[in-house]
Amino acid sequence: MALAVGTPAPAFTAQDTHGNTVSLSDFSGKTVILYFYPKDDTPGCTKEACSFRDNYTVYQGKDIVVLGVSADDEASHQQFTQKFNLPFPLLADTNRSIIQSYDVDGGGYAKRVTYVINPQGAIAHVYSSINTETHATDILSDLGL
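Residues numbered from 1 in each chain as written. Predicted model: local features only at pLDDT ≥ 70, side-chain atom pairs only at ≥ 80, totals over all residues. Heavy atoms only, no water.

## A few points about the nonpolar core
Part 1 of the reasoning: Leu34, Phe36, Tyr102 and Tyr115 are the most contacted members of the largest nonpolar core, which totals 23 residues.
Part 2 of the reasoning: Elements with a contribution of two residues or more to this core: strand 3 (31-36), strand 4 (64-70), helix 4 (97-101) and strand 6 (113-117).
Part 3 of the reasoning: Filtering out sequence-adjacent residues up to four positions away, Tyr115 remains in contact with Ala2, Leu3, Val32, Ile33, Leu34, Phe36, Tyr102, Val104, Ile123, His125 and Val126.
Part 4 of the reasoning: Within the second largest apolar cluster, 22 residues are counted, among which are Cys45, Ile64, Phe88 and Leu90. (Core = buried A, V, L, I, M, F, W, Y, C linked by side-chain atoms within 4.5 Å. Buried < 20%, exposed > 50% of the residue type's maximum accessible area, 1.4 Å probe, protein only. Helix = DSSP H or I, 4+ residues; strand = E, 2+ residues; numbered from the N terminus. Contact = heavy atoms within 4.5 Å.)

## Regarding the pattern of salt bridges
When the charged atoms of two side chains with opposite charge come close together, those side chains can pair.
Part 1 of the reasoning: All told, the structure shown has seven salt bridges when counted by the stated rule.
Part 2 of the reasoning: One salt bridge in this structure joins Lys30 and Asp63, with 3.6 Å as the shortest N-O distance. Taken together, the residues Lys30 in the loop between strand 2 (21-23) and strand 3 and Asp63 in the loop between helix 2 (56-61) and strand 4 connect sequence positions 33 residues apart.
Part 3 of the reasoning: By relative accessible area, Asp63 is classed as partly exposed at 44%.
Part 4 of the reasoning: Among the ionic pairs, Lys39 bridges to Asp72, the shortest N-O distance being 3.1 Å. Of this pair, Lys39 sits in the loop between strand 3 and helix 1 (43-54) while Asp72 sits in the loop between strand 4 and helix 3 (74-84), and the two are 33 residues apart along the sequence. (Salt bridge = Lys/Arg side-chain N within 4 Å of Asp/Glu carboxyl O.)

## Some words on the sheet that holds strand 1 (residues 13-16)
Part 1 of the reasoning: Pairing in this open sheet of seven strands is mixed, and the strands run 2-1-5-4-3-6-7 from one edge to the other. Edge positions in the sheet fall to strand 2 and strand 7 (123-127), since each has one partner strand and no second. On average, adjacent strands in this sheet sit at an angle of 30° to one another, irrespective of strand direction. (Pairing = 2+ DSSP bridges. Axes fitted to C-alpha atoms, helices over the stretch in contact; angles between N-to-C directions.)

## A look at unusual backbone geometry
Part 1 of the reasoning: At Asn85, a residue that is not glycine, the phi angle is positive and equals roughly 50°.
Part 2 of the reasoning: Locating Asn85 in the fold gives a position in the loop between helix 3 and strand 5 (90-92).
Part 3 of the reasoning: Positive phi is not limited to glycine here, since Arg96 has a value of about 60°.
Part 4 of the reasoning: Its location among the elements puts Arg96 in the loop between strand 5 and helix 4.
Part 5 of the reasoning: Overall, the relative accessible area of 23% leaves Arg96 in the partly exposed class.

## So, the pairing of strand 4
Part 1 of the reasoning: Counting buried positions over the seven residues of strand 4 gives seven, a clear majority of the element.
Part 2 of the reasoning: Burial of strand 4 is two-sided: the residues Ile64, Val66, Gly68 and Ser70 facing one way and the residues Val65, Leu67 and Val69 facing the other way are all buried.
Part 3 of the reasoning: Direction of pairing for strand 3 relative to strand 4: parallel, over a ladder of six bridges. Of the residues in strand 4, the one forming a bridge with Phe36 is Val69.
Part 4 of the reasoning: Relative to strand 5, strand 4 runs parallel, the two sharing three bridges. In the strand pairing of strand 5, Ser70 is matched with Ala92.

So far we have only geometry, and geometry alone does not tell us how the molecule works.
If you want it as structure tokens, here you go:
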């Protein structure tokens with residue numbers, strides 16, 4: 001079961017696509033879209049990532065950070081990012097610690113769940129029923145953007 005709206009977002013630190021260390025605290029004061037997905041370069045996950053890619057400038061213009069998380073490693077994330085020109089970081093959660101702390105463990109992979117974390121660090125929206133093709137625009141609409 002996903003974490004509830006209003007819950008403080010669990011802190012995390014992980015390596016991103018390029019080997020940089022990324023922590024939730026790096027984005028204090030910003031809205032963070034933390035989307036979990038099962039596997040790099042699979043049909044649904046590709047549609048979802050490309051939905052965020054295609055709307056990324058809108059997110060940037062609103063000072064919103066987009067982070068994708070799966071249990072895939074950095075090398076897999078690098079290939080996925082290059083193949084589809086993804087402009088946002090993917091976090092390598094190979095030990096599934098972030099996946100577990102956000103209660104999206106599907107037994108070796110991440111369930112497809114997205115959390116919108118407000119600038120104060122609390123969960124503002126939870127998406128567990130996702131249309132991968134329109135997910136990024138659905139979030140923008142829900143945020144009134």
